[in-house]
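One-letter residues, chain by chain:
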Amino acid sequence: MKKERLNASQKAAVEAVGNPVLIFAGAGSGKTRVLTHKISHLVKEKIVSPENILAVTFTNKAANEMKERVRKLIKGKTSAISIGTFHSICARLLRNEIQKLGYTRDFVIYDIQDQNALLKTILDGLDIPKTDISPSGAGQNISLFKNRMIPIKKAKSQARTVLDKRLAEIYEAYEKALKKNNAVDFDDLLLLPLKLFEKHPEVLKKYREHWKYILVDEYQDTNRPQFLFIKKLAEKHKQICVVGDDDQSIYGWRGADIRNILDFEKAFPGCETYTLEKNYRSTGEILKAATTVVKNNLKRAEKELQAHNGEGEKLGLIETNDEGEEADAVVNALEKEIKINKRPFSNFAVLYRTNAQSRALEDSFRRNGIPYNIIGGVRFYERKEIKDIMAYLKLIVNRKDTVSLRRVINFPPRGIGSKTLDKCVAYAAKKKRDLFDVLNDPEGMEIRGKQADALKEFHAIVTKYAELLEKLSAGELVRALAEDTGVVRHYKESEMPEDRDRFENIMEFLSGVDEFMARNPDAIIQEFLEEVSLLTDIDQWNDEDNRVTLMTVHAAKGLEFPVVFLAGLEDGLFPLYQALEAVDQLEEERRLFYVGLTRAKDKVYLLYAKNRRRYGGESFYGMVSRFIHEIPEDSLEKINFSSAVTRKLVTKKGKVRMELKRTVTIFDDFRVGDTVEHAIFGIGKIMALSGSGENQRVGVVFKDGLKKKLIVRFANLKKVASPES
DNA sequence: TTCGGGGAGATTTTT
DNA sequence: TCTCCCCGAA
């Protein structure tokens, strides 16, 4: 952003100090700018000293960017300011205080995979067949309990069905196991500080004094525990400033509660509200399209973005047959843009709903020699080989961690199979000892021979490195460990081609550790583990390379690009049913579309494929095409995509069939809100539209007739009236 | 008892 | 496309 002066409303928001402050900042209205200027204002005017400021962001990347920009504004020391994500701030707090809750400082953080592994053993232990409840399903339910702050007791008492009772049981066992493993999950990172505040008022007091001024970015995406965290801290001094945009709340599935921003005034009476409505990012056409879409939402604060960058071009709409053609169409449009507007590759982003959608795009980009960066997908730190080494590290730091223990006790294969492990678990339970400790006592478990030796050897190597923890630097330790355990050898000597990649990933991981150590010379391994646990791919993304960026719309939040492709916009039938059931879901999807649109500065291309293949392409949930029709027609320009040759389709039986291109008008004249007449069901109102080409569907609520909500074909509908626009 | 091949099933978004 | 699980071989 240019180094201009702040505009009037920005300036007012920056200088408002004393009362709680709520800033509604629309897309591209200089939200980060206001926050960073506010911090600088606080420091320069000596309103609070840097160490008393807490600034919370949503991603590590946003935190780093904020740090950087604050550092440029204030020349002096900025390192004293606490800037970080909720999760990292809370993790740091717990590192210092968690003993009070009966954990040790060496606690480890479990990610989804660890969580599922733990749940799997729990489900096995409770004799619940996985056909009844899957580990991940149980995990999602538990996370929901935790995010809604439902304690185990309540979960049990309010359980009505057999399934609910089972889930409450699993919830209880899971919480017990976590604590026994001296481990916390992502939800705990937010919940445990609240528990601390409640049970140890002196801790709350300490942090209230420490963080006297609190700033929160992306406030619309806070969930209940996050809200309570800042509320508790800010309650006394009431020095708090939150910035957000209810139109960009897209994390409802993770417990984000849009009421946090809409009802901020209730939580902090006497607050001052500011609204930033000048958009410095997108052209008028893009803004108009985005605004008309999101305006259909019922739950939203009224505001109107004004464009500052001229009208710009219409939005391009491209229909293709399948995902391959869609990818080619992206390349096509991209090359045209490069030729006409002399744009570098880094000017483009392709956004989609689910990571799986990147595959076809990747193929086409590679074929056409277009450099690209993919954000997301299988995250580096979630790869098997990396998780294996991480598991060794976690186990060494915290020997109570049974999830990591199970993961590596027989990796690389050393002859300890499930039977041997079962014996160990049973023995540990009988003797009330930690699982790790009994490994050194195979005789007591009547394990002999090869297995006994292997157990002892495994115990010895972990113990050895646990003792070296203090003596070696993190870099040295990881390197030695990777060699010593045989993990490196396992991949190096393997014949399998994919193990080559794995070996190289381990090498990359090792240099990653070195890099971390260079940045934080005094760091201990626990700090490295913590950083890695909270890292995401978007954090590592840098825009210096001249490459096209591919990522999900969620990952794109907070970013901007001159040209944005929104790919895979066709819809499945399922979300349509869901849309009829849940208005909230519909509104969130709409906001997702809005976020996608407003990432673009100059030009948006909307793409959808009529016959996307189910697997390896389309997500089950589809995306947001039902909102294309909400964009004013004169803002859209249909672009005909024609691949050079007609596509050859090879069917399963090996027949070659030529696919002909057809143009089909989408959605005809129907709009959401239209009153329609159905030949059988009578008069109704359109709630949602879906699909494309010949598969178009419409969801209608009928006033009379047998059924209330139905999904019907366009062919059977007649339009009666449109709402006044 | 462990290991490895091969078949079957499963897929949102993220800290 | 990737992961998990079952089953036969060592």
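Residues numbered from 1 in each chain as written. Chains lettered and ligands numbered in written order. Predicted model: local features only at pLDDT ≥ 70, side-chain atom pairs only at ≥ 80, totals over all residues. Heavy atoms only, no water.

1. Remarks on the overall build of chain A
Going by this rule: Helical segments are the DSSP runs of H or I of at least four residues, strand segments are the runs of E of at least two, and each set is numbered from the N terminus. Relative accessible area decides the class of each residue, using a 1.4 Å probe on protein chains only: under 20% of the type maximum gives buried, over 50% gives exposed, and in between gives partly exposed. The method behind every accessible area is Shrake-Rupley, applied with a 1.4 Å probe, and residues are considered shielded solely by the protein chains displayed.
Along its length, chain A carries 28 helices and 24 strands. Out of the 725 residues in chain A, the part that is buried amounts to 54%. Counting every atom, chain A has about 34200 Å² of accessible surface; 50% of that belongs to carbon and sulfur.

2. What to know about the confidence of the model for chain A
Convention followed: The predictor rates its confidence in each residue with pLDDT, a number between 0 and 100. Residue contacts are defined here by distance: any two heavy atoms, one from each residue, within 4.5 Å place the two residues in contact.
Averaged over chain A, the pLDDT score is 82; the fraction of residues at 70 or greater is 84%. Here strand 19 (residues 656-658) is the element of chain A with the lowest mean pLDDT, 39, and strand 6 (residues 213-216) is the one with the highest, 95. Here residues 615-622 is modelled with pLDDT under 50, and outside its nearest four sequence neighbours on either side it reaches 20 contacts, counting other chains as well.

3. So, the packing of helix 15 (residues 323-341) against helix 16 (residues 358-367)
Rule in force here: Angles run from 0 to 180 degrees between N-to-C directions of axes, and those axes are lines fitted to C-alpha atoms, restricted for helices to the stretch in contact. Angular relationships are summarised with four words: roughly parallel below 35 degrees, roughly antiparallel beyond 145, roughly perpendicular across 65 to 115, and oblique for the angles in between. Handedness of a helix crossing follows the sense of rotation of the near helix relative to the far helix, less than a right angle counterclockwise being left-handed and clockwise being right-handed. Following the grouping adopted for this structure description, the nonpolar residues are Ala, Val, Leu, Ile, Met, Phe, Trp, Tyr, Cys and Pro, the charged ones are Asp, Glu, Lys and Arg, and the polar ones are all others, Gly among them.
Taken N-terminus to C-terminus, the directions of helix 15 and helix 16 make an angle of 50 degrees; their axes are 8 Å apart at the nearest point. As the angle between them shows, helix 15 and helix 16 are arranged oblique. Of the two elements, helix 15 crosses helix 16, and the hand of that crossing is right-handed. Touching Glu323, Ala327, Asp328, Val330, Val331 and Leu334 of helix 15 are Ala360, Leu361, Ser364, Phe365 and Arg367, all from helix 16. Across the contact of helix 15 with helix 16, the residue classes tally to seven nonpolar, one polar and three charged.

4. Quick word on the packing of helix 4 (residues 86-97) against helix 9 (residues 186-199)
With their axes 9 Å apart at the nearest point, helix 4 and helix 9 run at an angle of 55 degrees to one another. Accordingly, the angle class assigned to the pair helix 4 and helix 9 is oblique. Two packed elements cross with a definite hand, and for helix 4 against helix 9 that hand is left-handed. Taken together, the residues of helix 9 that come into contact with helix 4 (itself represented by Phe86, His87, Cys90, Ala91, Leu93, Leu94 and Glu97) are Phe186, Asp188, Leu189, Leu190, Leu192, Pro193, Leu196 and Phe197. Across the contact of helix 4 with helix 9, the residue classes break down as 12 nonpolar, one polar and two charged.

5. Points about helix 19 (residues 418-431)
The α-helix advances 3.6 residues per turn, and as a result positions three or four apart in sequence lie on the same side. What counts, and what does not: Expected helix span is computed as 1.5 Å times (number of residues minus one). What the arc covers is the set of directions going from the helix axis to the C-beta atoms.
Here helix 19 spans 20 Å end to end across 14 residues, near enough to the 20 Å set by a 1.5 Å rise per residue. Residues Thr420, Leu421, Cys424, Tyr427 and Ala428 constitute the buried set of helix 19. Considered in projection along helix 19, the buried side chains sweep an arc of 125 degrees and stay on one side of the axis. Of the residues in helix 19, the exposed ones pointing more than 90 degrees away from the buried face are Ser418, Lys419, Ala429 and Lys430. Among the structural elements, helix 18 (402-408), helix 20 (435-438) and helix 21 (449-468) are those in contact with the buried residues of helix 19. Following helix 19 by one or two positions, Lys432 adopts a phi angle in the positive range, close to 55 degrees.

6. Considering the environment of His200
What counts, and what does not: Side-chain atoms alone can form a polar contact between residues adjacent in sequence; in general such a contact is a pair of N or O atoms within 3.5 Å, and within protein one must be able to donate a hydrogen while the other accepts it.
Summarising the element assignment, His200 is placed in the loop between helix 9 and helix 10 (201-210). Taking the C-alpha atoms as reference points, His200 and Lys100, 100 residues apart in sequence, are found 8.2 Å from one another. Engagement of the side chain of His200 in a polar contact is seen with the backbone oxygen of Lys100, the distance being 3.5 Å.

7. As for the sheet that holds strand 7 (residues 240-244)
Strand pairing in a sheet relies on backbone hydrogen bonds, with the paired strands running either antiparallel or parallel. Stated formally: Two strands qualify as a pair provided that DSSP identifies no fewer than 2 bridges between them.
The sheet built from six strands is open, its strands ordered 3-2-6-7-1-8 with parallel pairing. In this open sheet, the two strands that pair with only one neighbour each are strand 3 (82-85) and strand 8 (272-276). This sheet shows a mean twist of 15 degrees between the axes of neighbouring strands, independent of strand direction. In the sheet, strand 6 pairs with strand 7 via three bridges, with the strands oriented parallel. When the sheet's bridge partners are listed, Leu215 is paired in strand 7 with Cys241. Of the strands in this sheet, strand 1 (21-25), strand 2 (53-57), strand 6, strand 7 and strand 8 touch helix 2 (residues 31-44), which is tilted by about 170 degrees from strand 6. Each of strand 2 and strand 3 is contacted by helix 3 (residues 60-73), which is oriented at about 160 degrees to strand 3, the strand it contacts most.

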